[in-house]
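Structural description and commentary
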Amino acid sequence: MLVVASYFPSNHCAVATSRTRVRLRSTSHRAIDPDWNSPPLLTPITPLKKAEILVSVLIPIYDEVDTVAEIVERVRATSYKTEVICVDDASTDGTHDVLAALLRDGRIHQAIYQKVNRGKGAAVRAAIAASHGDIVIVQAADLAYSPGDWQILFETLVQGNAAAVFGSRLLGGTTRH
């Protein structure tokens, strides 16, 4: 599971690239050299082996009965080994029945049904808790994003050049910051 690097107020920084590869590095060298102003160096990230990557695809859903089966098929059509986890956020349009059929037919790996609408963030958190992949991606159920764009997003992760990647349809292209 990808986690954004976070800095602690103490003398440690944590960097995570996957559920199984978390590194902790002391930054106590600042006490030795008080003139040292650079940010702490992050431990290099080990490249991932593309053939061995499991991608956990988290699909938060609210009233998407018309598109949920289509997005699941698009996800399954990618070249990646995937774990598809759908979270129904108390839909009222029949999405529950479509997810039950997809689960029964083996098209998705997990269906989580929230009894009350708790919002997209709660749905994503529930899916993250159930995920097991090396890479985790949130896929919109309304077809707003294409699984065909994953290769561009995953490129820097697979090469070991990033701990987290964020995409934007507003920026366009392959801008990297």
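Residues numbered from 1 in each chain as written. Predicted model: local features only at pLDDT ≥ 70, side-chain atom pairs only at ≥ 80, totals over all residues. Heavy atoms only, no water.

With that out of the way, let us pick up the overall build of the chain. Within the chain, the regular secondary structure consists of five helices and seven strands. Ordering the α and β elements of the chain from the N terminus gives β-β-β-α-β-α-β-α-β-α-β-α. Considering the chain as a whole, with its 177 residues, one finds that 38% of them fall into the buried category. For the chain, the proportion of contacts with a sequence separation of at least 24, taken over those separated by at least 6, is 67%. When the accessible area of the chain is evaluated, it comes to approximately 10,300 Å², of which 54% is carbon and sulfur surface. (Helix = DSSP H or I, 4+ residues; strand = E, 2+ residues; numbered from the N terminus. Buried < 20%, exposed > 50% of the residue type's maximum accessible area, 1.4 Å probe, protein only. Contact = heavy atoms within 4.5 Å. Areas by Shrake-Rupley, 256 points an atom, 1.4 Å probe, with all protein chains shown as cover.)

Right, let's get into the packing of aromatic side chains. Per the counting criterion, the structure on display carries three aromatic pairs. Relative to Trp150, the ring of Tyr80 has its centre 6.4 Å away and its plane inclined at 50°; by these criteria the two rings are tilted. One end of the pair, Tyr80, is in the loop between α2 (68-76) and β5 (81-89); the other, Trp150, is in helix α5 (residues 150-159), and 70 residues separate them in sequence. For Tyr80, a relative accessible area of 11% gives the class buried. An angle of 80° between the planes, with centres 5.1 Å apart, marks the rings of Tyr80 and Phe154 as edge-to-face. (Phe/Tyr/Trp six-rings, centres within 6.5 Å; stacked < 30°, edge-to-face > 60°.)

Before going further, it helps to examine α5. Residues of α5 that are buried include every one of Trp150, Phe154, Thr156, Leu157 and Val158, and no others. Of the surrounding elements, those touching the buried residues of α5 are β4 (54-61), α2, β5 and β7 (135-138). Immediately beyond the C-terminal end of α5, within one or two residues, lies Gly160, with a positive phi of roughly 85°.

Moving on: the environment of Val138. Tracing the sequence through the fold places Val138 in strand β7. Distance from Val138 to Ile85, taken between C-alpha atoms, is 9.7 Å for residues 53 residues apart in sequence.

With that settled, consider the sheet that holds strand β6 (residues 110-114). The strands that make up a sheet pair up through hydrogen bonds in the backbone, lying either parallel or antiparallel. In spatial order, the strands read β6-β5-β4-β7; together these four strands make up an open sheet with parallel pairing. Of all strands in the sheet, those bounded by a partner on one side alone are β6 and β7. Neighbour-to-neighbour, the strand axes of the sheet open up by a mean angle of 20°, direction not taken into account. Against the sheet, α2 contacts β4 and β5, and its axis sits at roughly 170° relative to β4. Against the sheet, helix α4 (residues 120-130) touches β4, β5, β6 and β7, its axis set at about 140° to β6. (Pairing = 2+ DSSP bridges. Axes fitted to C-alpha atoms, helices over the stretch in contact; angles between N-to-C directions.)

Moving on, we come to the pattern of salt bridges. Scanning all chains against the criterion turns up three salt bridges. Residue Glu73 pairs with Arg107 through a salt bridge whose shortest N-O separation is 2.5 Å. With Glu73 in helix α2 and Arg107 in the loop between α3 (95-104) and β6, this pair connects stretches of sequence that are 34 residues apart. Here Glu73 falls in the partly exposed class, since its relative accessible area comes to 32%. Among the salt bridges present, the one from Asp105 reaches Arg104, with a minimum N-O distance of 3.9 Å. Here Asp105 falls in the exposed class, since its relative accessible area comes to 52%. (Salt bridge = Lys/Arg side-chain N within 4 Å of Asp/Glu carboxyl O.)

Let us now look at the side chain of Thr67. Along the chain, Thr67 turns up in the loop between β4 and α2. Judged by relative accessible area, Thr67 falls into the buried class, the value being 15%. In this structure Thr67 touches Ala141, Asp142 and Leu143, once residues within four positions along its chain are discounted.

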